[in-house]
Amino acid sequence: MEHLLVVASLSLFPGARLTRSSVRMSEAGGCRVTVLGGSGFVGSRVCKLLVQEGAAVTSVSKSGKPPAWATGEDWVERVVWVANDLTKGARADLEAAVGKPEAVVSCVGAVGFDGANLLNGNGKANTEAAKAVKKAGTAKRYAFVSVSSELADLDGTFWLPSWLSCYFVGKRQAEAAMVDAVGADGVTVIRPTFIYGGPSFGLSPPRVAAGYGSAVEEVLSNGIISKIADVVPGTIKIALRPPVSADAVAGACACAALGKLDERLLDTTAKINKAAGAPAAKGFTDFVATVSAKVSELANKVKQAAA
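Please read all numbers here as calculations on a predicted model, not as lab measurements. Each chain carries its own residue numbering, running from 1 in the direction its sequence is written. For a predicted model such as this one, the threshold for reporting local features is a pLDDT of at least 70, and the threshold for listing and counting side-chain atom pairs is 80 or more; totals across whole chains, interfaces and linings nevertheless cover every residue. To get the side-chain values, all heavy atoms of the structure are used, and hydrogens and water are removed first.

Enquirer: What is the right way to read the environment of Phe158 from this model?
Expert: Here a strand is any run of E in DSSP of at least two residues, a helix any run of H or I of at least four, and the numbering for each starts at the N terminus. Among the structural elements, Phe158 can be located in the loop between helix H6 (149–152) and helix H7 (165–182). For Phe158 and Gly234, which are 76 residues apart along the polypeptide, the C-alpha to C-alpha distance reads 9.0 Å.

Enquirer: Got a minute to help me understand helix H5 (residues 115–136) in this structure?
Expert: Helix span, as expected, comes to 1.5 Å for every residue beyond the first. An ideal rise of 1.5 Å per residue puts 32 Å on 22 residues; H5 measures up with 31 Å between its terminal C-alpha atoms. The largest bend along H5 reaches roughly 30° and is located at Gly121. Between N or O atoms, a polar contact is any pair within 3.5 Å; within protein, one atom must be a potential hydrogen donor and the other a potential acceptor, and residues adjacent in sequence are included only when both atoms are from side chains. Of the residues that open H5, the one with a side-chain oxygen 3.0 Å from the backbone nitrogen of Ala116 is Asp114. Trailing H5 by a residue or two, Gly137 shows a phi angle of about 75°, which is positive. Bend at a residue means the angle formed by two fitted axes: the first through the 7 residues ending at that position, the second through the 7 residues beginning there.

Enquirer: Mind showing me how you'd approach the packing of H5 against H7 here?
Expert: Helix packing for two helices is described by the angle between their axes and how far apart those axes are. Each axis is a line fitted through C-alpha atoms, taken for helices only over the stretch in contact, and angles between the N-to-C directions span 0 to 180 degrees. In the contact formed by H5 and H7, the axes pass within 7 Å of each other and the chain directions differ by 5°. Here H5 lies roughly parallel to H7, going by the angle between them. Contacts between H5 and H7 involve Gly115, Leu118, Leu119, Asn122, Gly123, Lys124, Asn126, Thr127, Ala130, Val133 and Lys134 from the former and Cys166, Tyr167, Val169, Gly170, Lys171, Gln173, Ala174, Ala177, Met178, Asp180, Ala181 and Val182 from the latter. When residue character is reported, Ala, Val, Leu, Ile, Met, Phe, Trp, Tyr, Cys and Pro are called nonpolar, Asp, Glu, Lys and Arg charged, and the others, Gly included, polar. When the residues that make up the contact of H5 with H7 are grouped by side-chain class, the tally is 12 nonpolar, seven polar and four charged. Angle categories: roughly parallel below 35 degrees, roughly antiparallel above 145, roughly perpendicular from 65 to 115, and oblique for all the rest. Contacts were defined at the residue level, with two residues in contact if any of their heavy atoms lie within 4.5 Å.

Enquirer: Is there a simple way to explain the pattern of salt bridges in this structure?
Expert: Any two side chains of opposite charge can pair, so long as their charged atoms come close to each other. Every case where a carboxyl oxygen of Asp or Glu lies within 4 Å of a side-chain nitrogen of Lys or Arg is listed as a salt bridge. Applying the stated criterion across every chain yields a total of 15 salt bridges. Between Lys135 and Glu95 there is a salt bridge; the shortest N-O distance is 3.4 Å. Remark: Glu95 occurs in helix H4 (residues 91–98) and Lys135 occurs in helix H5; sequence separation between them is 40 residues. Overall, the relative accessible area of 60% leaves Lys135 in the exposed class. Across the pair Lys131 and Glu128 runs a salt bridge, and its minimum N-O distance is 3.4 Å. Placement of both Lys131 and Glu128 in helix H5 is noted, with a separation of three residues, approximately one turn of the helix. Throughout, exposure labels follow a simple rule: accessible area from a 1.4 Å probe, protein chains only, divided by the maximum for the residue type, with under 20% read as buried, over 50% as exposed, and the rest as partly exposed. By relative accessible area, which is 45% here, Lys131 ends up partly exposed.

Enquirer: Looking at this structure, I do not really get a nonpolar patch on the surface. What am I missing?
Expert: Within this analysis, patches are made of residues with over 30% relative accessible area and no salt bridge. Like charges are joined at 9 Å or less; nonpolar side chains (Val, Leu, Ile, Met, Phe, Trp, Tyr) at 5 Å or less. Accessible surface is estimated by sampling points in the Shrake-Rupley manner with a 1.4 Å probe; for residues, cover comes only from the protein chains shown. Together, Val219, Phe284, Phe287, Val288, Val291 and Val295 line one region of the surface with nonpolar side chains, adding up to about 500 Å² of accessible area. For the nonpolar patch, the leading source of residues is helix H13 (residues 283–306), giving five residues. Mapped onto the elements, Phe284 comes out in helix H13.

Enquirer: Would you mind going over unusual backbone geometry with me for this structure?
Expert: Glycine aside, residues mostly have negative phi angles, and peptide bonds mostly take the trans form. One non-glycine residue, Leu86, adopts positive backbone phi at about 75°. Position of Leu86 among the secondary structure elements: in the loop between strand E3 (79–83) and H4.

Enquirer: What's the story with the packing of aromatic side chains in this structure? I'm lost.
Expert: Centre-to-centre distance and the angle between the planes together describe a pair of aromatic rings. Side-chain rings of Phe, Tyr and Trp (the six-membered ring for Trp) are treated as a pair once their centres are within 6.5 Å; stacked means planes under 30 degrees apart, edge-to-face means over 60, and tilted covers the remaining angles. Tallied over the entire structure, the rule returns six aromatic pairs. Seen in terms of ring centroids, Phe158 and Trp159 are 5.0 Å apart; in terms of plane orientation they differ by 25°. Their pairing is stacked. For Phe158, a relative accessible area of 72% corresponds to the exposed category. Accessibility expressed as a relative area gives 28% for Trp159, which makes it partly exposed. Only when the NZ of Lys or the CZ of Arg is both within 6 Å of the ring centre and within 35 degrees of the ring normal is a charge said to sit over the ring. Over the aromatic face of Phe41 sits the side chain of Arg207, whose NZ or CZ is 3.8 Å from the ring centroid.

Enquirer: Would you explain the environment of Ala276 in this entry?
Expert: Here Ala276 lies in helix H12 (residues 269–276). Its relative accessible area of 26% is what places Ala276 among the partly exposed residues. Apart from residues no more than four positions distant in its own chain, Ala276 is found in contact with Ala248, Gly251 and Ala252.

Enquirer: When you look at the environment of Glu175 in this model, what are you seeing that I'm missing?
Expert: Looking at the element boundaries, Glu175 is found in helix H7. What makes Glu175 buried here is its relative accessible area of 15%. As for Glu175 and Thr188, which are separated by 13 residues in sequence, their C-alpha atoms are 9.4 Å apart. The residues touching Glu175, leaving out its near neighbours within four places in the chain, are Phe144, Ser146, Val189 and Arg191.

Enquirer: Any chance you could explain the pairing of strand E5 (residues 141–145) here in plain terms?
Expert: Counting buried positions along E5 yields four of five residues, so the element is predominantly enclosed. Crossover connection from strand E4 (residues 103–106) via H5 to parallel E5: handedness right-handed. The path from the first strand over the helix to the second decides the hand: if it runs clockwise while the strands point away from the viewer, the crossover is right-handed.

Bear in mind that shape data such as this cannot, by itself, settle questions of function.
Next comes the structure, spelled out in structure tokens:
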């Protein structure tokens with residue numbers, strides 16, 4: 001049956017990246033998972049983790065290509081990469097792209113300053129995909145990267161600009177569509193504050209490198225700072241909440257897709273890390289250790305020069 005699905009994908013998507021490894025994975029009978037936004041920052045990491053767990057993975061994204069950072073990695077050849085915009089084109093094409101998965105992970109979202117784009121990228125894209133998933137009728141689990149409840153609760157207040165409401169409305173629309181597709185008991189919502197990771201910084205979309213982000217996470221996870229964050233208002237509270245690594249978010253998504261989680265709402269960095277089995281952040285500790293080693297090395301050189 002799985003082999004027939006792969007053959008069908010070849011006929012429906014002539015441009016799809018289907019390799020011998022992809023066929024072998026499908027024939028191996030791993031859990032069928034469709035990752036929406038699988039070429040992206042978090043989605044690509046989800047694909048990698050799922051492949052490592054033996055799943056038969058299909059990535060659906062605008063580009064239909066693996067990310068540049070994964071060039072040459074073996075897992076890339078074990079994913080079926082399909083291009084689909086989710087909001088454009090024939091519904092039949094979207095339904096074929098989504099396929100007949102047992103589980104779905106959506107890392108689809110949009111940021112920026114344009115309200116219409118926020119609503120389209122967070123809401124419509126996900127609701128259209130969820131309709132296709134519902135029609136397929138095979139998915140039992142749906143994982144979604146949404147937004148922190150504490151941040152969403154600020155929607156409509158003076159703490160946030162009015163156009164940002166479109167972002168939250170889109171996220172709520174997406175969650176509702178996923179519940180409609182597989183039922184409330186099948187949906188796991190991951191609610192991060194700020195996601196960091198990778199080797200570099202970026203502005204659009206905003207990115208913080210892994211080392212720096214880990215240091216901030218470690219500092220803001222301190223109990224004293226957590227208690228302060230509990231009592232301060234608005235965006236000050238959000239700024240004091242620890243960010244979470246892209247690897248941890250991806251790990252939580254993968255575990256949810258494979259049915260390894262009982263909890264349906266992961267609303268803090270601590271809960272996301274626990275679900276993913278991620279180690280405690282130690283970027284600040286590592287930074288201090290590095291500086292201490294450099295100072296010690298310099299002191300020894302000074303002593304040797306003075307002797």
